[in-house]
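Each chain is listed here by its residues.
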Amino acid sequence: MSVQVAVSKTQATTTTSKHSITMIMGMWLIIGLFIDGFAHNHGAVETFFTPWHAILYSGYLACAVWIFMMIRSNKISAQSPTWFTAIPVGYKLGVAGVILFFVGGLGDMYWHTVFGIEKNIEALLSPTHLLLLTGALLILTSPYRAISAAEKGAAPTFRQLLPALTSVGLTFTVFAFFLMYAWSFRQNLWMARGEDAIGRAVVDFLLTTMILVIPLMFVLRRWKLPFGTVTFFFLFESMFLAVLDGFRDYSSIIILLISGVIGDLLFREIKERDRADWRYKAIFFVLPILIWGLYFAHLKLFETLNWTPELWGGSIFLCALSSLGLSILAGPVSSDKTE
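Criteria and thresholds
- Residues numbered from 1 in each chain as written.
- Predicted model: local features only at pLDDT ≥ 70, side-chain atom pairs only at ≥ 80, totals over all residues.
- Heavy atoms only, no water.
- Helix = DSSP H or I, 4+ residues; strand = E, 2+ residues; numbered from the N terminus.
- Contact = heavy atoms within 4.5 Å.
- Areas by Shrake-Rupley, 256 points an atom, 1.4 Å probe, with all protein chains shown as cover.
- Expected span 1.5 Å × (residues − 1).
- Buried < 20%, exposed > 50% of the residue type's maximum accessible area, 1.4 Å probe, protein only.
- Arc of directions from axis to C-beta.
- Phe/Tyr/Trp six-rings, centres within 6.5 Å; stacked < 30°, edge-to-face > 60°.
- Lys NZ or Arg CZ within 6 Å of the ring centre and 35° of its normal.
- Axes fitted to C-alpha atoms, helices over the stretch in contact; angles between N-to-C directions.
- Parallel < 35°, antiparallel > 145°, perpendicular 65-115°, else oblique.
- Left-handed = near helix turned anticlockwise from the far one by under 90°.
- Patch = residues over 30% accessible without salt bridge, like charges linked within 9 Å, V, L, I, M, F, W, Y side chains within 5 Å.
- Salt bridge = Lys/Arg side-chain N within 4 Å of Asp/Glu carboxyl O.

Trainee: I tried to follow the overall build of the chain on my own but got confused; where do I start?
Mentor: Within the chain, the regular secondary structure consists of twelve helices and zero strands. The secondary structure elements of the chain, listed N-terminal to C-terminal, are α-α-α-α-α-α-α-α-α-α-α-α. Contacts spanning at least 24 positions in sequence make up 77% of the contacts within the chain whose residues lie at least 6 apart. A total accessible area of about 16,200 Å² is found for the chain, and carbon and sulfur atoms account for 69% of it.

Trainee: How should I be thinking about helix α12 (residues 309–330) in this particular structure?
Mentor: Each α-helix turn comprises 3.6 residues. Residues three or four places apart therefore point the same way. Its 22 residues give α12 an end-to-end C-alpha distance of 31 Å, which sits within 8% of 32 Å, the value for a rise of 1.5 Å per residue. Looking only at α12, the buried set comprises Ser315, Ile316, Cys319, Ala320, Ser323 and Ser327. Seen from one end, α12 has its buried residues packed into an arc of 125 degrees, which puts them on one side. α12 presents Pro309, Glu310 and Leu329 as exposed residues on the side facing more than 90 degrees away from its buried surface. In this fold, the buried residues of α12 make contact with α8 (195–222) and α11 (278–302).

Trainee: Honestly, the packing of aromatic side chains in this entry has me stumped. Any pointers?
Mentor: Working definition: an aromatic ring pair is given by the centre-to-centre distance plus the angle between the planes. Evaluation of the coordinates by the stated rule reveals 27 aromatic pairs. Ring centres of Phe177 and Phe178 lie 5.3 Å apart, and the angle between their planes is 70 degrees; this geometry places the pair in the edge-to-face category. In this structure, Phe177 and Phe178 share a single accessibility class: buried. Taken together, the aromatic side chains of Phe34, Phe158, Phe177, Phe178, Phe232, Phe233, Phe236 and Phe240 make up a single cluster linked through ring pairs. Over the face of the ring belonging to Trp83 we find Lys75, whose NZ or CZ atom lies 5.9 Å from the ring centre. Above the plane of the ring of Phe227 lies Arg268, whose end atom (NZ or CZ) is 5.0 Å from the centre.

Trainee: Please clarify how the packing of helix α2 (residues 51–76) against helix α3 (residues 92–115) should be interpreted in this entry.
Mentor: Between α2 and α3, whose axes approach to 10 Å, the crossing angle comes to 155 degrees. The angle between the axes of α2 and α3 places the two elements in the roughly antiparallel class. Taken as a pair, α2 and α3 cross one another with a handedness that is left-handed. In this structure, α2 uses His53, Leu56, Tyr57, Tyr60, Ala64, Ile67 and Ile71 to contact α3, whose residues at the interface are Gly94, Val95, Val98, Phe101, Phe102, Gly105, Asp108 and His112.

Trainee: Help me out: how do you make sense of a nonpolar patch on the surface in this one?
Mentor: Where nonpolar side chains cluster on the molecular surface, the patch consists of Tyr250, Ile254, Ile258, Ile262, Leu266 and Val286 and spans about 480 Å² of accessible area. The element that contributes the greatest number of residues to the nonpolar patch is helix α10 (residues 251–269), accounting for four residues. Tracing the chain through its elements places Val286 in helix α11.

Trainee: I would appreciate a short explanation of the side chain of Thr229 in the present structure.
Mentor: Within the secondary structure, Thr229 sits in helix α9 (residues 229–243). The residues contacting Thr229, other than those within four sequence positions of it, are Phe158, Leu165, Leu216 and Asp264.

Right, here's the structure in full:
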């Protein structure tokens with residue numbers, strides 16, 4: 001089955017292979033972002049003109065040129081009467097993202113020249129960096145929007161859905177980048193003492209859980225999950241976030257790999273059932289238990305765990321319950337008319 005976008009006569013068509021190229025360019029952009037993040041975290045940034053900025057902005061340029069090439073191809077082929085209608089389905093916001101990122105890049109160069117280089121959370125919340133984030137998100141989500149416009153009820157294979165999965169994965173990975181201070185696997189939990197520190201750690205567990213499970217809910221609401229989707233998302237995010245610390249602590253990759261494989265096996269067992277089936281929601285309750293159960297077990301065996309059972313057990317259950325609640329709200333409505 002080919003994932004082909006259903007469009008009106010005035011809309012330009014697009015193909016899975018073109019979305020794949022968009023995501024290759026998007027990966028280039030995001031790899032540059034995380035290398036830049038590593039440089040910021042290790043005090044290697046002193047000026048705007050750095051090798052890691054070169055990777056970041058060349059990735060953006062690749063995205064911009066490729067989107068323009070798709071539009072130009074549609075216009076030349078007489079498929080579309082105007083440049084606006086030549087924009088592929090799902091890519092209109094992507095074009096806006098190209099413009100916003102360009103403006104943000106110019107602003108970022110000026111900002112660093114005048115105000116210097118920010119550090120830590122200030123760098124993540126810089127106005128120009130947030131503008132770059134907005135532009136990047138509009139670009140990266142384009143393939144997902146386009147493929148989501150395909151025929152309803154499709155159940156594509158993992159390979160056919162890969163551009164859309166990559167689009168969603170990159171989107172939430174960028175969110176995780178700008179929330180890196182809340183990514184639980186980067187925290188020294190054994191140092192969390194006192195009500196404020198423990199409360200902050202619990203909030204981090206909840207945020208990290210949402211970043212991991214919500215992408216699955218997005219995909220499941222539109223399609224049945226191809227086998228490998230959970231592992232793909234979990235590894236995707238954990239490996240990118242590990243870049244920020246130079247893969248110093250790779251335990252998160254192992255934990256999320258194991259959790260992802262088990263999650264895929266669980267979803268495969270019920271794949272033939274209606275996506276509104278209660279078993280899907282049960283898996284979303286189980287996934288956080290797997291992730292944080294393995295996490296706390298790792299701390300107990302190889303690090304230090306000074307939390308009481310009430311704290312670590314309650315944190316796991318709270319994350320699982322939150323995931324369950326979101327899955328109920330985000331889940332597709334049953335196709336069974338008698339229900």
